[in-house]
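Geometric and topological summary
What follows is the residue order along each chain.
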Amino acid sequence: MSFTSPAPLSPSPVPTSASTPRVDLHPGKPPILHVPTPAPADPPAWAAEHRPVLDGLVTEHGAVLVRGLGLSDAGQVGAVFGRLTTALMTETEAFAPRQTYTPGLYSSTTWPANQPMCMHHELSYTHRPPGLLLLACLTAPTTGGATALADSATVLDALPPELVQRFEQDGWLLTRTYNDDIGASWTEAFGTDDRAAVENHCRANAIEFAWQDDGGLRTRQRRPAVVRHPATGRRCWFNQIAFLNEWTLAPEIREYLVDVYGPEALPFNTCFGNGDPIGEEVVQLINTVYDEHTIREPWQSGDLMLIDNVRTAHSREPYEPPRDVLVAMAAPHSPAALPPTPTAAPEGSTR
């Protein structure tokens with residue numbers, strides 16, 4: 001089901017009994033499951049009991065927002081997350097720092113509150129990205145700050161076929177130049193200050209690397225831009241091509257970074273898989289398609305959200321602090337590139 005197709009969505013709540021959660025389905029919003037009041041005294045036990053329902057909603061809709069659970073601290077959130085998945089992942093190759101609360105439980109990425117984080121799939125540039133993203137809001141922002149969503153199969157269908165075919169053919173390339181000023185340093189990203197351990201990780205995960213004279217690290221990794229969903233088989237636009245590209249940055253920030261680091265040593269940038277630059281118009285097109293297929297619901301303190309990280313892209317909108325959202329990842333998988341969609345041969349030619 002597409003997030004943006006209103007036909008299958010009812011403007012009325014899904015009927016339930018008074019003792020079971022109510023699920024609201026509205027166009028332009030994710031499914032919202034309302035926990036009956038009063039809030040459960042034991043949220044982790046509630047999560048364990050209702051895990052099949054939540055799993056079913058994520059499978060059907062790509063995400064679900066749970067409202068009324070009353071989550072209030074990191075320990076409680078970690079216990080709830082632990083009941084909703086077999087095991088939490090340790091984040092590796094983060095593009096910006098996070099605070100670690102307990103193994104697998106993190107703060108939101110450190111990113112300026114007044115700057116948006118455009119649509120992306122978490123860690124889609126890694127060799128084994130998460131299939132499930134878990135979020136919990138302890139403190140809702142004063143204004144803004146929604147974690148907006150977009151259906152990746154719908155976005156794929158809305159992009160120009162010739163652009164999709166090129167990315168299917170070439171993949172996409174992420175280049176990173178780690179430093180101590182912008183984004184995560186290499187020690188933060190890889191969770192170690194042991195160069196040999198970093199090199200071993202890069203070799204095991206198809207990442208080219210080169211140490212710099214100043215002690216920094218530069219990497220390149222080519223990844224598929226379109227993958228097949230591991231459960232449904234649907235083709236999904238799964239990448240961070242626009243999010244980590246220089247043209248998504250605010251113009252003044254991009255100009256500053258180019259001036260300080262040079263165009264070839266930006267903290268992160270993306271290219272076509274063969275190394276060709278991605279033009280500003282392509283990045284704007286991708287972000288526009290995302291915008292046209294975005295759904296959102298403002299956070300409320302105590303909310304829980306589960307996101308199918310392959311089927312559903314997410315963003316973070318600018319906000320007025322404070323905002324305290326905790327994050328965990330689970331269900332790692334190895335996406336495989338799909339063969340490019342065949343195009344018709346020119347008239348009179350043979351193939």
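Small disclaimer: the values here were computed from a predicted structure and weren't measured.

Reading guide: rules and limits
- Every chain's residues receive numbers from 1 upward, in the order its sequence appears when written.
- With pLDDT at 70 or above as the cut-off, local features in this predicted model cover only qualifying residues; side-chain atom pairs require 80 or more to be listed or tallied, and sums for whole chains, interfaces and linings still use all residues.
- To obtain the side-chain values, all non-hydrogen atoms of the structure were included, while hydrogens and water were left out.
- Where helices and strands are cited, they refer to DSSP runs of H or I of at least four residues and of E of at least two residues respectively, numbered from the N terminus.
- Summary of the burial criterion: residues with accessible area below 20% of their type's maximum are buried, those above 50% are exposed, and those between are partly exposed, where the area comes from a 1.4 Å probe applied to protein chains only.
- When checking whether two residues touch, look at their non-hydrogen atoms; a contact exists if any pair is within 4.5 Å.
- Using the Shrake-Rupley algorithm and a 1.4 Å probe, accessible areas are obtained, with residue cover drawn only from the displayed protein chains.
- Positive charges are assigned to Lys and Arg, negative charges to Asp and Glu, while His and the chain termini are left out of the count.
- Note on charges: their place is set at NZ of Lys, CZ of Arg, CG of Asp or CD of Glu.
- Confidence per residue, as judged by the predictor, is encoded in pLDDT with a range of 0 to 100.
- The term salt bridge refers to a pairing of a side-chain nitrogen on Lys or Arg with a carboxyl oxygen on Asp or Glu at a separation within 4 Å.
- Residues adjacent in sequence count toward polar contacts only when both atoms are side-chain atoms; beyond that, a polar contact is any pair of N or O atoms within 3.5 Å, and within protein one must be able to donate a hydrogen and the other to accept it.
- Strands were regarded as paired on the criterion that DSSP finds at least two bridges between them.
- Cavities and pockets were defined on a 1 Å grid built from protein atoms only: a cavity is a group of points that admits a 1.4 Å probe but offers it no way out, a pocket is an open group of points flanked by protein on both sides within 12 Å along at least five of seven lines, and a lining residue is one with an atom within 4 Å of any such point.
- Grid points are joined across faces, edges and corners, and a volume is the space filled by probe spheres set on the points.
- Residue polarity is assigned by list, with Asp, Glu, Lys and Arg as charged and Ala, Val, Leu, Ile, Met, Phe, Trp, Tyr, Cys and Pro as nonpolar; anything else, Gly included, falls into the polar class.
- Nonpolar cores are built from buried Ala, Val, Leu, Ile, Met, Phe, Trp, Tyr and Cys residues. Side-chain atoms within 4.5 Å join them into one set.
- Only Phe, Tyr and Trp rings are paired, with Trp represented by its six-membered ring, and only when their centres lie within 6.5 Å; those with planes under 30 degrees apart are stacked, over 60 edge-to-face, the remainder tilted.

This part is about the overall build of the protein chain. Of the regular secondary structure elements, the protein chain holds eight helices and 21 strands. For the protein chain, the C-alpha atoms occupy an extent of roughly 60 × 60 × 35 Å along the three principal directions. Counting only residues that meet the buried cut, the protein chain has 52% of its 351 residues in that class. Here the analysis covers contacts within the protein chain between residues at least 6 apart in sequence; of these, 77% occur between residues at least 24 apart. Of the roughly 15600 Å² that the protein chain leaves accessible, carbon and sulfur atoms contribute 53%. Side-chain charges of the protein chain comprise 24 positive and 40 negative groups, with the mean position of each set lying 6 Å from the other.

Bringing the confidence of the model for the protein chain into the picture now. Per-chain confidence: the protein chain averages 91 in pLDDT, with 90% of residues scoring 70 or above. This stretch, residues 1-18, has a pLDDT under 50; its non-local contacts, to residues over four places away or in other chains, come to 41 contacts.

Turning our eyes to something else, we now look at the side chain of Asp308. By secondary structure assignment, the location of Asp308 is in strand E18 (residues 304-308). The side chain of Asp308 is buried and forms no salt bridge, while Arg311, the nearest opposite charge, is found at 5.9 Å. Here the side chain of Asp308 touches His229 through a polar contact of 2.7 Å, side chain to side chain. Setting aside residues up to four positions removed in sequence, Asp308 forms contacts with Val58, Gly62, Gly131 and His229.

Once that is clear, we can look at the sheet that holds strand E17 (residues 294-295). Across the sheet, which stays open at both edges, the four strands sit in the order E7-E19-E10-E17 with antiparallel pairing between neighbours. Here the strands that pair on one side only, and so sit at the sheet edges, are strand E7 (117-120) and E17. Bridge analysis of strand E10 (residues 149-151) against strand E19 (residues 312-316) gives three bridges, and the strand direction is antiparallel. The partner of Leu149 across the bridge, within E19, is His314.

A few words on empty space enclosed by the protein. Rolled over the atoms, a probe sized like a water molecule indicates the empty space that remains. The final tally for this structure, using the stated rule, is five cavities of 30 Å³ or more. In this structure, the largest cavity encloses a volume near 200 Å³. Lining the largest cavity are 16 residues, with Ser108, Met117, His314, Arg316 and Val327 sitting closest to its centre. Secondary-structure elements contributing two or more residues to the lining of the largest cavity are E7, strand E8 (130-139), E19 and strand E21 (324-332). Per element, the largest residue contribution to the lining of the largest cavity is three residues, and it comes from E19. A class-by-class count of the residues in the lining of the largest cavity yields six nonpolar, six polar and four charged.

Of all ten residues that make up E8, nine are buried, and the element is covered over most of its length. Direction of pairing for E8 relative to E21: antiparallel, over a ladder of eight bridges. Across the sheet, the residue bridging to Ala136 is Leu326, located in E21. Both E8 and E18 contribute to a ladder of five bridges, which runs antiparallel. Looking at the pairing, Leu134 lines up with Leu306 of E18.

By size, the foremost hydrophobic cluster in this structure holds 51 residues, and its most contacted members are Phe95, Phe167, Trp237 and Ile286. The element that contributes the greatest number of residues to this core is helix H8 (residues 280-292), accounting for five residues. Every residue in contact with Phe167, bar those within four places of it in the chain, is listed here: Trp172, Ala225, Trp237, Ile241, Phe272 and Ile278.

What follows is about the packing of aromatic side chains. With the rule as written, the count across this model stands at eight aromatic pairs. With a centroid separation of 5.6 Å and an interplanar angle of 75 degrees, the aromatic rings of Phe95 and Trp111 are classed as edge-to-face. Of this pair, Phe95 sits in the loop between helix H2 (74-84) and strand E5 (100-102) while Trp111 sits in the loop between strand E6 (105-107) and E7; the two residues are 16 residues apart in sequence, bridging distant segments of the chain. You can call Phe95 buried: its relative accessible area is 7%. When the centroid spacing of 5.9 Å and the interplanar angle of 45 degrees are considered together, the rings of Trp111 and Phe243 count as tilted. Within this pair, whereas Trp111 is found in the loop between E6 and E7, its partner Phe243 is found in the loop between strand E15 (235-237) and helix H7 (251-261), the two being separated by 132 residues in sequence.

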